[in-house]
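Residue-level structure breakdown
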Amino acid sequence: MGGYQSFGIIIPIFLTSFLILTLVSATHPLDPLTPFELTQVQTLVKKSHKNVTFHYVGLDDPPKSEVQSWLSSQNRPNNFINYPRRAFVIARTNSKSHVITIDLSNNSILNDKVYNGNGYPMLNNEEQTEASELPLKYAPFKASIAKRGLNISEVMCEAFTIGWYGEMNTKRVVAIMCYYIDGTVNFYMRPIDGVMATVDLDEMKIVDYRDRLIVPVPKGGGTDYRESKQNPPFDNGIKGVTILQAGGPSFTIVGNNVRWANWEFHLAFDMRVGPIISLASIYDHDKDKYRRVMYRGYISELFVPYQDLTEEWYFRTFLDAGEFGFGICAVPLQPSKDCPTNAVFLDGYYTTRDGTPAKTENVFCVFERYAGDIMWRHSETILPGDTGVREDVTLVVRMVSTVANYDYIIDWEFKQTGSIKVTVSLSGILAVKASKYTHKDQTKDGEELYGTLVAENTIGTRHDHFVNFHLDLDIDGGANSFVKTHLKTKVVPNSDGIPPSLPRKSYWTVVNDVAKTESDAKIRVGSGETELTVVNPNKKTKMGNYIGYRLIPGSAVGPMLLEDDHEQIRGAYSNYNVWVTPYNNSEKWAGGLFVDQSHGDDNLAQWTLRDREIENKDIVLWYTLGFHHVPVQEDFPIMPTLSGAFELKPTNFFERNPVLKVNSLKPTNWVNCSA
């Protein structure tokens, strides 16, 4: 591999009216590992260790300075700079976790350290599958199924991480819960409650088994969500809809680099976090150059604590990215279903248990969106007929990750105005528990069900979702500051030169507060009285304002658990919606490096206890988007999509409205498809 090559090999594949470019060799320092490089990792690690299992393999991020030098060299063909490629690996052998760094350019292992701290690495798919099949061959479990009058051939099981509740010494175990299919694909709606097996993943055997009560398995009728299984009458009121771009897409994808309208950025796939957006820059016509907005942005963790205290439920407090892999759980997107007809699709690669590369086809889709929204407009009533209006066309990068029962739809949306909007949408199947009740009237006054009776014998359990984003903003340069702009009400005085006849009694003004250290930047959003902006204190507009980007938060949702509760200690990043830290290449994931059964001693909340300086530094903004979910009957048998979003919006970044000169869309004629 000898470093980077000057040009990648691009294979054009024509699919209907658009072009997909598939890169087969890395040509950018931030490109994800290629299948060749993943195989190289497998070979090197297996030479060094026997009976090794792989749990994470990804790019070992090069230092920012190296990336910046490489980018600068692109404009100097005779002074092109090569940089080594490195891989970051977490593997297990002999019941020990190893953290390994590999020099791919020199085909050698740079570091191989045994991790002796708390927690375990991400689970791989194969060990989850193997563990889930063990109860089906386990005599006590088969007896439990027979006792309930169920057919063992219709039973399927699933592995659950178990969290941490103060134990000093732990083993790498998972809990196994089972479901009854018997005529429906929606097995999540048919839990076999009261039965639980515990499996040691290193020994791959059942080490504990409990059958404590019998609860009726919910009925399968009415749970199947497949279109082919629905009975009339149907809702057919909407006519066919399509999107036509007669000239093809307005964006280009070369390797992992995307360019559209006034935006350019790098897109990569990671098996832990999914999509990574890097080097997002916007073209400034007045300055005639691209200006950096974000060096790197991605989902760093998802904390999903369920609120049921029964024996089979209390430990269900998941950290999805660090325990199961948000990227591993990504699913192939369905053309014209998950993404519109004008979308272009890209594949992603990850490592399986034995190190063999695996491909998720269509893991990303990229498309232009226009839904009739308005980018800007004005009608001048004094001058009739003089109206200005522009259509709001945006570019969307989408991935869907199905983590067990939940489907997360992630959209990174780039706007011509300079804004970046990130939307998290939730769908899929509720996590439900079986119940003896078929009607709410059967419950006792004050009885805690831990959820809502959504169907007969079926309780949808209350829970939260806290999605944390790592946003390494580099607003027109690396040195930035975090500014809290407080909106303050002021009472109009009777003096100070203000005429006493003035009828106003109050107004509001702003007070800017620059965060000096990490403790100054911990924010719980919600009042609407504070605006949060990352500025470059070393650059101003012609009017004298510091250039910046403002965070426009989503709904104000925070945790309701005690901060010293064990699950909240592990998911402590959710204690605040906003954190700001100095850039540190080792602080990538808000839940820490080893998340499964972690003790919360290596996470965002712990890092910030150092209270490091963040003023005029290279800083990272961490934002958590939260959802409280109280299930309702409309969530049965499959949940309508629920969305939340935040936005990064230019704030005195430009000298004026950057889309003033954007032309109106050209009319598009429909293609005559008649015979």
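Model, not experiment: these values are computed from the prediction. One numbering rule holds for all chains: residues counted from 1, following each sequence as written. Whole-chain, interface and lining totals are the exception, using all residues; otherwise, since this is a predicted model, local features are given only for residues with pLDDT of at least 70 and side-chain atom pairs are given and counted only at 80 or more. Excluding hydrogens and water, the side-chain values take into account all heavy atoms of the structure.

Here we take up the overall build of the chain. Going along the chain from the N terminus, every DSSP run of H or I of four or more residues is numbered as a helix, and every run of E of two or more is numbered as a strand. In terms of helices and strands, the chain carries 7 helices and 34 strands. In terms of C-alpha radius of gyration, the chain reaches 27 Å, essentially the compact-globule figure of 26 Å for 675 residues. Its C-alpha atoms put the chain at 85 × 70 × 70 Å along the principal axes. Burial analysis of the chain (675 residues in total) assigns 52% to the buried set. Taking as baseline every contact in the chain between residues at least 6 positions apart, the subset at least 24 positions apart corresponds to 67%. Each accessible area is a Shrake-Rupley result for a 1.4 Å probe, and residues are judged covered by the shown protein chains and nothing else. About 31300 Å² of surface is accessible on the chain, with carbon and sulfur atoms providing 51% of the total. Just so you know, the count uses Lys and Arg for positive and Asp and Glu for negative, and it drops His and the chain ends. Charge placement uses NZ in Lys and CZ in Arg. For Asp and Glu, CG and CD serve respectively. Across the chain, 67 positive and 79 negative side-chain charges occur, with their mean positions spaced 3 Å apart. With C-alpha atoms as the basis for the radius of gyration, the globule rule is written as 2.2 Å multiplied by the number of residues raised to the power 0.38. Per-residue accessibility, obtained with a 1.4 Å probe over protein chains only, is compared with the maximum for each type, and a residue is labelled buried under 20%, exposed over 50%, and partly exposed between these values. Residue contacts are counted whenever heavy atoms from the two residues lie within 4.5 Å of one another.

Our next topic: a nonpolar patch on the surface. Patch membership requires over 30% relative accessible area and the absence of a salt bridge. Like charges are linked within 9 Å, and nonpolar side chains (Val, Leu, Ile, Met, Phe, Trp, Tyr) within 5 Å. The rule for a salt bridge is simple: a side-chain nitrogen of Lys or Arg has to be within 4 Å of a carboxyl oxygen of Asp or Glu. A grouping of Val185, Tyr225 and Ile638 is seen on the molecular surface, where their side chains present a nonpolar patch of about 220 Å² in accessible area. Mapped onto the elements, Ile638 comes out in the loop between strand S33 (619-629) and strand S34 (639-651). Residue Ile638 is classed as partly exposed on the basis of its relative accessible area, which comes to 33%.

Moving on: the state of the cysteines. Cysteine sulfur atoms are paired as a disulfide whenever they fall within 2.5 Å. Inspection of every chain in the model, using the stated rule, returns 2 disulfides. Note that Cys157 is cross-linked by a disulfide to Cys178, the S-S spacing being 2.1 Å. Given an S-S torsion of about 95 degrees, the disulfide between Cys157 and Cys178 has right-handed geometry. Taken together, the positions of Cys157 in strand S7 (residues 155-160) and Cys178 in strand S8 (residues 173-180) put the pair 21 residues apart, joining distant regions of the chain. Each member of the pair Cys157 and Cys178 is classed as buried. Note on cysteine connectivity: Cys339 is disulfide-linked to Cys365, with sulfurs 2.2 Å apart.

Moving on to the pairing of strand S6 (residues 108-115). Both faces of the sheet carry side chains from a regular strand, because those side chains alternate between them. Where strand S5 (residues 96-103) and S6 come together, 7 bridges link them in antiparallel fashion. By the bridge assignment for S6, Val99 is matched with Lys113. Here S5 folds back onto S6, and the loop between the two strands holds 4 residues, one of which, Asn107, carries a positive phi near 55 degrees. Note on pairing: DSSP must find at least two bridges between two strands before they are called paired.

Bringing the sheet that holds S7 into the picture now. With antiparallel pairing, the 4 strands of this open sheet are ordered in space as S7-S8-S9-S10. Lying at the two open borders of the sheet, with one neighbouring strand each, are S7 and strand S10 (205-211). Strand-to-strand, the axes of this sheet are offset by a mean angle of 30 degrees, without reference to chain direction. As paired strands, S7 and S8 are joined by 6 bridges and run antiparallel to one another. Note that in S8 the partner of Ala159 across the bridge is Ile176. Interaxial angle, 0 to 180 degrees, is taken between N-to-C directions of lines fitted to C-alpha atoms, where a helix line uses only the stretch in contact. Seen against the sheet, helix H3 (residues 125-133) touches S7, S8 and strand S9 (195-200) and runs at an angle of roughly 130 degrees to S7. Each of S7, S8, S9 and S10 is contacted by helix H4 (residues 139-147), which is oriented at about 30 degrees to S10, the strand it contacts most.

Further remarks concern the nonpolar core. Take the buried Ala, Val, Leu, Ile, Met, Phe, Trp, Tyr and Cys residues and link them wherever side-chain atoms come within 4.5 Å; each set so joined is a nonpolar core. Counting residues in hydrophobic clusters, the biggest one holds 120 residues, and the most contacted among them are Tyr408, Trp412, Leu471 and Phe482. A total of 7 residues in this core trace back to one element, the largest contributor, which is S8. If we skip the residues at most four places from it in the chain, Leu471 touches Met294, Arg296, Gly297, Trp412, Val620, Leu621, Tyr623, Phe646 and Leu648. Counting 15 residues, the second-largest nonpolar core is a separate cluster that includes Val41, Leu59, Ile100 and Leu104.

Interpretation of the predicted coordinates at a detailed level should be avoided for regions scoring low in pLDDT. pLDDT is defined as a per-residue confidence score from the predictor, taking values between 0 and 100. Of the residues in the chain, 94% reach a pLDDT of 70 or more, and the chain-wide mean stands at 92. The low-confidence segment residues 1-24, where pLDDT is below 50, has 58 contacts with residues more than four positions distant or belonging to other chains.

This part is about the sheet that holds strand S4 (residues 86-93). Read from one edge of the open sheet, 4 strands run S3-S4-S5-S6, paired in antiparallel fashion. The strands lining the two open edges of the sheet, one partner per strand, are strand S3 (53-59) and S6. Here the average twist between neighbouring strands, direction ignored, is 20 degrees. The sheet contact formed by S3 and S4 spans 6 bridges and is antiparallel. Each residue of the ladder has a partner; that of Phe54, found in S4, is Ala91. Its contacts with the sheet place helix H1 (residues 35-48) against S3, S4, S5 and S6, and it is angled at close to 135 degrees to S3.

The subject of this paragraph is the packing of aromatic side chains. How two aromatic rings sit relative to each other is given by the distance of their centres and the angle of their planes. Within 6.5 Å between ring centres, the rings of Phe, Tyr and Trp (the latter by its six-membered ring) count as paired, and their orientation is classed by plane angle as stacked under 30 degrees, edge-to-face over 60, tilted in between. Counted by the stated rule, this structure contains 28 aromatic pairs. Note on Tyr138 and Tyr209: the rings are 5.5 Å apart at their centroids and 65 degrees apart in plane angle, and the pair reads as edge-to-face. A residue pair is termed long-range when its members are at least 10 positions apart, and Tyr138 in the loop between H3 and H4 and Tyr209 in strand S10 qualify at 71 residues. For Tyr138, a relative accessible area of 27% corresponds to the partly exposed category. Arranged with centres 5.4 Å apart and planes meeting at 65 degrees, the rings of Tyr165 and Tyr314 form a pair that is edge-to-face. Highlighted residues: Tyr165 in the loop between S7 and S8 and Tyr314 in the loop between strand S15 (289-305) and strand S16 (317-319), separated in sequence by 149 residues. A relative accessible area of 22% places Tyr165 in the partly exposed class. The class for Tyr314 is partly exposed, based on a relative accessible area of 39%. Following the ring pairs from residue to residue traces out a cluster consisting of Phe160, Tyr306, Trp313, Phe318 and Phe324. In this analysis the charged atom, NZ for Lys or CZ for Arg, is taken to sit over a ring once it is within 6 Å of the ring centre and within 35 degrees of the ring normal. Against the face of Phe653 rests Arg291, its NZ or CZ located 3.9 Å from the ring centre.

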